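Chain by chain, the residues run as shown.
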Amino acid sequence: MSKVNEVEIQKQYIEKVKEMNKGKKLKYTILTMGCQLNENDSEKLSGMVEQMGYTKTENAEEADLALFNTCCVRENAEDKLFGKVGELKRIKEKRGTIIAIGGCMMQEKHITDKLHESYPYIDIIFGTHTLHKFPEDLYISIKEKNKIDDIINIDGEIYENLPIKRDSKIKASVTIMYGCNNFCSYCIVPYVRGRERSRKPEDILKEVKELAQNGYKEITLLGQNVNSYDGGEINKNGKTIKYKFANLLRDVNNIEGIERIRFVSPHPKDFTDDVIEAIRDCDKVCKLIHLPLQSGSTNMLKIMNRKYTKEQYLELVRKMKEQIPNLVLSTDIIVGFAGETEDDFEETLDVVRKVKFEQVYMFIYSRRVGTLGDKMENQIPEEIKHKRFDRLKELVESQIEENNKKYIGTIQKVLVEGTSKNNPNMLTGRTGSNKVVVFEGSKDLVDTIIELKIVSEHMWYLKGKI
Ligand code: SAH
Ligand code: SF4
Ligand code: F3S
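Residues numbered from 1 in each chain as written. Chains lettered and ligands numbered in written order. Predicted model: local features only at pLDDT ≥ 70, side-chain atom pairs only at ≥ 80, totals over all residues. Heavy atoms only, no water.

Chemist: Looking at this structure, how should I read the overall build of the chain?
Modeler: The helix and strand tally for the chain stands at 14 helices and 21 strands. The principal-axis extent of the C-alpha atoms belonging to the chain is close to 60 × 55 × 55 Å. Here the chain holds 466 residues, and 53% of them are scored as buried. In the chain, once contacts between residues fewer than 6 apart in sequence are set aside, the share between residues at least 24 apart is 74%. (Helix = DSSP H or I, 4+ residues; strand = E, 2+ residues; numbered from the N terminus. Buried < 20%, exposed > 50% of the residue type's maximum accessible area, 1.4 Å probe, protein only. Contact = heavy atoms within 4.5 Å.)

Structure representation (structure tokens):
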């Protein structure tokens, strides 16, 4: 069946469910775990579900449909899911709530086995490759009261033009490629998201143009390895060219109305010269670039299968900083991977000291069933992992404090996101370098980009003045 046909069939199921739900004023709730790719998938799920007649509620007690979009990159998400599903049993008994669980964790057999065994009241389990079929799964579940397992292990196709309900009116994520081919030895993602496949350039550009027409100002291009994007061969000005990530950045940069472009998550190995030049040339591309390090030790990087050495990483940083004025970097680091010695860990601290990252996302290594890392014998005791994590955190925090000072007195362009969670009288927004800025101002400023003067700094945010 063609992909276009498949989407049409799902649209028919949407109509059928809508008809069944007519006049019932049904509500749904959705819990999303994990990365921005999952958040983008949840926006698609919400789009489908709202077209089927459900309105959103944050209160699970009044939900007729409870959706979970799961992540499995680290262990803590599992406990969270089991806890939440346990809580739902009572609500289901009371009002017949349909429980549907999807996402990355559902691609792991030991998890679905456990769900079947311990939580037999779950109605629908679906994987990462069958998200587009949710209307059909829901229809069958309501109509035939069947339990549904809709998981496939081959790489999913790319389905265009699914309904989507976006969380923001000004910022939008656009997934440009799916999957990962890298098999870093600690990571589960390649097993649950399949091999790399990219959307067609014209489909992506059409989506971004429509977003711009609808008033969106900030676009985040998403992929597990966003800069290994491969748009295939296209014809440009009478010549056949290979359309890569750098071409896409330049084309998105030319779209009128878009003011900021971000992308996550890139791999250092794919920061080729054409990508660096495109970042330099494109005025809308934010000069905060995420460059996942994982470890500063060449020895660990080899065991992790990261495909670069400490020296190559530092050389890439030097080259990027030289080529791109005002560049700042963020990174991901894993502490306590199997076999990490005290010397290896010191190498990581050394890179952090040298690069002075704007932001560091720090993770304690979590063993994932099925990965090479999990089978290694020399696992690090939890206590040592935690001690190293605390040492890294201390270094990072001292650098952030130092770094924040350089913002004081500067003028920053800030995209205003809403009222501050901690103080409803204040507004909050983000700079191009992704710093949170809190300031006083009228609520009309929400969803606009304004200029602020930075007046003071705090560990996790800056204070600004109009
Ligand atoms: N494709 C992206 C994101 C992968 S998941 C990338 O390559 O950058 C996001 C981060 O989670 C990774 O960068 C890594 O730092 C962390 N991570 C992945 N697997 C992990 C594990 N088993 N334990 C701890 N952290 C992990
Ligand atoms: Fe995981 Fe590595 Fe792929 Fe990132 S590049 S998703 S860390 S295997
Ligand atoms: Fe998690 Fe899946 Fe994203 S495992 S990090 S939600 S790709």
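Here the narrative resumes.
Chemist: Even after reading the chapter, I still don't get the site of ligand 1, so can you show me in this structure?
Modeler: Of all residues adjacent to ligand 1, which total 14 residues, the nearest are Arg74, Gln224, Gln294, Asp332 and Ser366. Here an oxygen atom of ligand 1 and a side-chain polar atom of Arg74 are 2.9 Å apart. Residue Gln224 places a main-chain N or O atom 2.6 Å away from a nitrogen atom belonging to ligand 1. Listing elements by their share of the shell around ligand 1, those giving two or more residues are β15 (328–335) and β16 (359–364). Taken together, the residues of the shell around ligand 1 sort by class into 7 nonpolar, 4 polar and 3 charged. (Near = heavy atom within 4 Å. Polar contact = N/O pair within 3.5 Å; in protein donor to acceptor, adjacent residues only side chain to side chain. Nonpolar A, V, L, I, M, F, W, Y, C, P; charged D, E, K, R; others polar.)

Chemist: Which parts of the structure should I look at to understand helix α5 (residues 134–144)?
Modeler: Note on helix geometry: an α-helix contains 3.6 residues per turn, so any two residues three or four positions apart are oriented the same way. Taken residue by residue, α5 has Phe134, Pro135, Glu136, Asp137, Leu138, Tyr139 and Ser141 as its buried positions. Considering only its buried residues, α5 is in contact with α1 (3–21), α2 (36–51), β3 (65–70), β4 (98–103), β5 (124–126) and β6 (148–150). Lys145 sits one or two positions beyond α5 and adopts a positive phi of about 50 degrees.

Chemist: Before we go on, may I ask you to explain the pairing of β4 in this structure?
Modeler: Each regular strand shows side chains that alternate between the opposite faces of the sheet. With respect to burial, β4 is a largely interior element, 6 of its 6 residues being buried. As defined by bridge partners, β3 adjoins β4 across 6 bridges and the pair is classed as parallel. Its bridge partner being in β4, Ala66 is matched across the sheet by Ile99. Tracing the backbone out of β3, into helix α3 (residues 76–95) and back to the parallel element β4 gives a crossover that is right-handed. You can see the chain leave β4, run along helix α4 (residues 109–118) and come back into β5, and the turn it takes is right-handed. (Pairing = 2+ DSSP bridges. Right-handed = clockwise from strand over helix to strand, strands pointing away.)

Chemist: I would appreciate a short explanation of helix α7 (residues 201–213) in the present structure.
Modeler: In a regular helix each residue adds 1.5 Å, so 13 residues correspond to 18 Å; α7 covers 18 Å between its end C-alpha atoms and thus fits that length. Those residues of α7 lying buried are Pro201, Ile204, Leu205, Glu207, Val208, Leu211 and Ala212. For α7, the angular spread of buried residues about the axis comes to 160 degrees, placing them on one side. On its buried face, α7 is in contact with β7 (171–175), β10 (218–222), β11 (230–236), β12 (239–244) and α8 (245–253). (Expected span 1.5 Å × (residues − 1). Arc of directions from axis to C-beta.)

Chemist: Mind showing me how you'd approach the pattern of salt bridges here?
Modeler: One side chain can pair with another of opposite charge once the charged atoms of both are near each other. Going through the model one piece at a time under the given rule, you end up with 41 salt bridges. With its nearest N and O atoms 2.9 Å apart, the salt bridge here joins Arg280 to Asp281. You can call Asp281 partly exposed: its relative accessible area is 39%. With a closest N to O distance of 2.9 Å, Glu315 and Arg318 form a salt bridge. Taken as a pair, Glu315 and Arg318 lie in helix α11 (residues 310–323) at a separation of 3 residues, close to a single helical turn. Using a relative accessible area of 38% as the deciding quantity, one classes Glu315 as partly exposed. Arg318 gets classed as partly exposed once you look at its relative accessible area, which sits at 41%. A network of salt bridges, in which partner residues are shared, links Glu43, Glu160, Arg166, Arg199 and Glu207. (Salt bridge = Lys/Arg side-chain N within 4 Å of Asp/Glu carboxyl O.)

Chemist: Explanation requested: the sheet that holds strand β18 (residues 427–430) in the structure shown.
Modeler: What links the strands of a sheet is backbone hydrogen bonding, and the strands pair in either a parallel or an antiparallel sense. The strand order β17-β18-β19-β21-β20 describes a closed barrel built from 5 strands, whose pairing is mixed. Averaged over neighbouring strand pairs, the angle between their axes works out to 55 degrees when direction is ignored. In this structure, strand β19 (residues 436–439) lies alongside strand β21 (residues 462–465), joined through 2 bridges in parallel fashion. Paired with Val437 across the strands is Leu462, a residue of β21. (Axes fitted to C-alpha atoms, helices over the stretch in contact; angles between N-to-C directions.)

Chemist: What is the right way to look at the layout of surface pockets in this model?
Modeler: Summary: where empty space remains is shown by rolling a probe the size of a single water molecule over the atoms. One number sums up the size of the second largest pocket: a volume of about 730 Å³. Contributing to the lining of the second largest pocket are 28 residues, with Tyr159, Glu160, Asn161, Arg199 and Asp203 lying nearest its centre. Looking at the lining of the second largest pocket residue by residue, the class counts come to 9 nonpolar, 6 polar and 13 charged. Both domains that meet at the lining of the second largest pocket, namely domain 1 (3–150) and domain 2 (171–405), each give it at least three residues. (1 Å grid on protein atoms, 1.4 Å probe; cavity = no way out; pocket = protein on both sides within 12 Å on 5 of 7 lines; lining within 4 Å. Points joined across faces, edges and corners; volume = space filled by probe spheres on them. Domains from an automatic or database assignment.)

Chemist: So what exactly am I meant to see when it comes to the packing of aromatic side chains here?
Modeler: We describe a pair of aromatic rings using the distance from one ring centre to the other and the angle between the two ring planes. All told, the structure shown has 9 aromatic pairs when counted by the stated rule. The interplanar angle of 10 degrees and the centroid separation of 5.9 Å between the aromatic rings of Phe82 and Tyr119 together place this pair among those described as stacked. Of this pair, Phe82 sits in helix α3 while Tyr119 sits in the loop between α4 and β5; the two residues are 37 residues apart in sequence, bridging distant segments of the chain. For the pair Phe82 and Tyr119, one class covers both residues: buried. With 6.1 Å between their ring centres and 80 degrees between their planes, Tyr186 and Phe337 make a pair best called edge-to-face. Remark: Phe337 occurs in the loop between β15 and α12 (342–355) and Tyr186 occurs in the loop between β8 (177–178) and α6 (189–193); sequence separation between them is 151 residues. The two residues Tyr186 and Phe337 agree in class, both being buried. (Phe/Tyr/Trp six-rings, centres within 6.5 Å; stacked < 30°, edge-to-face > 60°.)

Chemist: Looking at this structure, how should I read unusual backbone geometry?
Modeler: One can expect most non-glycine residues to show negative phi and most peptide bonds to be in trans. Omega for the bond connecting Val264 with Ser265 falls within 30 degrees of zero, at -5 degrees, which places this linkage in the cis form. Mapped onto the secondary structure, Ser265 falls in the loop between β13 (260–264) and α9 (273–281). Backbone geometry at Lys25 places phi at a positive 50 degrees, although glycine is not the residue there. For Lys25, the position within the fold is in the loop between α1 and β1 (27–32).

Chemist: Explain the packing of α8 against α9 to me, please; I cannot follow it from the model alone.
Modeler: For any two helices packed against each other, the geometry comes down to the angle between their axes and how far apart the axes lie. Contact geometry of α8 with α9 gives a least axis separation of 8 Å together with a crossing angle of 15 degrees. When the interaxial angle is binned, α8 and α9 end up roughly parallel. In the crossing of α8 with α9, the sense of the turn from one axis to the other is left-handed. Contacts between α8 and α9 pair Phe245, Ala246, Leu249 and Arg250 from the former with Asp274, Val275, Glu277, Ala278, Ile279 and Asp281 from the latter. Taken together, the residues of the contact of α8 with α9 break down into 6 nonpolar, no polar and 4 charged. (Parallel < 35°, antiparallel > 145°, perpendicular 65-115°, else oblique. Left-handed = near helix turned anticlockwise from the far one by under 90°.)

It is worth stressing that arrangement in space is one thing and function is another; only the former is reported here.
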